[in-house]
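Coordinate analysis (summary)
Here is what each chain is made of, one letter per residue.
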Amino acid sequence: MDAFFASVELLRYPQLKGLPVVIGGGRRKVDELLLRGPDGTEERERRFIPVEDFPLLKDYVGRGVITTATYAARQFGVGSAMGMMKAAKLCPQAIVLPVDFDEVRRFSRLFKSTIVEIAPVMQDRGVDEVYIDFTDVPGGQREGGRVLARLIQKGIFDETGLTCSIGVAPNRLLAKMASEFNKPNGISIVYEEDLQTKIWPLNVRKINGIGPKAGEKLARLGIETIGQLAAQDAQWLIGHFGKSTGAWMHRVAWGQDDSPVVTESEPVSMSRETTFDRDLHAVRDKAELGAIFTDLCLRLAEDLQRKGYVARTIGIKLRYDDFKIATRDHTASIYTADGATIRQLAGQCLKRVPLDKRLRLLGVRASSLARQGEEPVLEPRAAALVDARRRKTGLTEGTAQLF
């Protein structure tokens, strides 16, 4: 989907089309302020709110990061995952709006349901991205897949008013890269014979799976493009990156990917986290931290319940003011999706992390998931071992909450 979070906002506020807009930052209160207007007396229609009434990025204060930005904002170098204070220096005139997760999820479900009506073999890859197998769809091979891609684009636009960009290729690896070639609202077709002309000139970071650290190491070795990576001997790559990663790098540089489009997969974990507007201390800001912590646990429980899962392992994540991270988890003797139970288990994990420094971020994670009603029966011995570990580490039902 094209600038998905921002595009959803433009449906709500069409007067912002064509303007630099960034999505991110604080909680969703901006709508109330905009609807009330300057004097706060009467409610205004969203589409008639003057552009000058919207908050600007130059006035933003906090530690939020950008979720996405309109293409007008991206021209100034603003992009996803960038700190909003940094972005404000690049594009101070940009309008800033927080994420409306409920609305985003609603449109996500809508565009995906539209796709499966046309091409039912679809793999969900997050809120704004999917893989689709065209192979057995009637007409899926016409013009290399372009005809079906156009049909999907039209179906999504008619149903949601949103645009998407589609890459069509022999496999998921190349299709992912092709989807970025012609944004927004574009279709790009890549054939096997296009590897050298369309894929090899790209930076190695365009390969899904090569992150910042691997990209930096490759650059130090004099490898910046996918073509340069393809020119390396497989054994040389294995020597520098290990057997598994080195062999994988050699394959993907040659456009080889046999991973299937998987229509159903079980999540490994679910999590909720938040970055604070200011650093908080476990003692001096105990009440505020406690409220945030409880809210995260309850939201995580709602996520589990909504998706029909229960969890056995609950963990926490802390980022301190020096950016160091601490994580702890606790495996219980039961499966749960109850907010109070998750809060208790997560609170017990706090007993095992230092809380003498200020905190920038707090998160809660649920793993060891099972479908609700299909939980594995825990053997008494396994439950006894878990309970023994809890007693050894001081994690008892009566453990006092730190915050």
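Definitions and limits used
- Residue positions are counted from 1 within each chain, in the order its sequence is given.
- Side-chain atom pairs in this predicted model are given and counted only at pLDDT of 80 or more, local residue features only at pLDDT of at least 70, and totals for whole chains, interfaces and linings cover all residues.
- The basis for every side-chain value is the complete set of heavy atoms in the structure, and neither hydrogens nor water enter the calculation.
- Any pair of nitrogen or oxygen atoms within 3.5 Å is treated as a polar contact; in protein, a donor-acceptor pairing is required on top of that, and neighbouring residues in sequence qualify only through side-chain atoms on both sides.
- The helix and strand labels rest on DSSP assignments: H or I over at least four residues marks a helix, E over at least two residues marks a strand, and numbering proceeds from the N terminus.
- Whether two residues touch is decided by their heavy atoms; if any such pair falls within 4.5 Å, the residues are in contact.
- Aromatic rings from Phe, Tyr and Trp, with only the six-membered ring used for Trp, were paired whenever their centres fell within 6.5 Å, and each pair was classed as stacked if the ring planes differed by under 30 degrees, edge-to-face if by over 60, and tilted otherwise.
- In this scheme, a residue with accessible area under 20% of its type's maximum is buried, one over 50% is exposed, and one in between is partly exposed, where area comes from a 1.4 Å probe on protein chains only.
- Whether a charge sits over a ring comes down to the Lys NZ or Arg CZ being within 6 Å of the ring centre and within 35 degrees of the ring normal.
- Two strands qualify as a pair provided that DSSP identifies no fewer than 2 bridges between them.
- Only C-alpha atoms enter the line fits that serve as axes; for helices the fit covers just the stretch in contact. Angles between N-to-C directions range over 0 to 180 degrees.

Overview of helix H11 (residues 234–241)
Where H11 begins, the side chain of Asp233 points an oxygen toward the backbone nitrogen of Gln235, at a separation of 2.9 Å. Directly beyond the C-terminal end of H11, a positive phi value near 95° is found at Gly242.

Focus on the side chain of Lys112
Tracing the backbone through its elements, the reader meets Lys112 in helix H5 (residues 101–118). Apart from the residues lying within four places of it in its own chain, the contact partners of Lys112 are Met122, Asp124, Gly126, Val127 and Val130.

A few points about the packing of aromatic side chains
The full count for this structure, using the stated rule, is four aromatic pairs. On the numbers, 6.1 Å between centres and 80° between planes, the contact of Phe4 with Phe5 is edge-to-face. Given the relative accessible area of 12%, Phe5 is considered buried. A ring pair is formed by Trp200 and Trp254, whose centres lie 5.0 Å apart and whose planes are at 90°; its orientation type is edge-to-face. With Trp200 in the loop between helix H8 (195–199) and helix H9 (212–220) and Trp254 in the loop between helix H12 (243–253) and strand S8 (269–280), this residue pair connects regions lying 54 residues apart in the sequence. Counting every residue linked through ring pairs, the aromatic cluster contains Phe4, Phe5 and Phe111. For Arg106, the ring lying beneath its charged end belongs to Phe107, and the centroid distance is 4.6 Å. A cation sits over an aromatic face here: Arg172 above Tyr131, 4.6 Å from the ring centre.

Quick notes on the sheet that holds strand S2 (residues 66–69)
Pairing between the strands of a sheet is mediated by backbone hydrogen bonds and can be parallel or antiparallel. Reading across from one edge, S2-S1-S3 is the order of the three strands in this open sheet, with mixed pairing throughout. Each edge of the open sheet carries a strand with a single partner, namely S2 and strand S3 (95–97). Neighbouring strand axes in the sheet, compared pairwise and without regard to direction, differ in orientation by 25° on average. Sheet topology places strand S1 (residues 21–24) next to S3; three bridges connect them, and they run parallel.

Examining the sheet that holds strand S10 (residues 325–336)
One open sheet accounts for four strands, arranged S8-S11-S9-S10; its pairing is antiparallel. The outermost strands of the open sheet, each flanked by one partner alone, are S8 and S10. Each adjacent strand pair in this sheet contributes to an overall mean axis angle of 15°, direction not counted. Here strand S9 (residues 309–320) runs beside strand S11 (residues 359–371); their pairing, made up of 11 bridges, is antiparallel.

Just distances and angles here, no functional claims.
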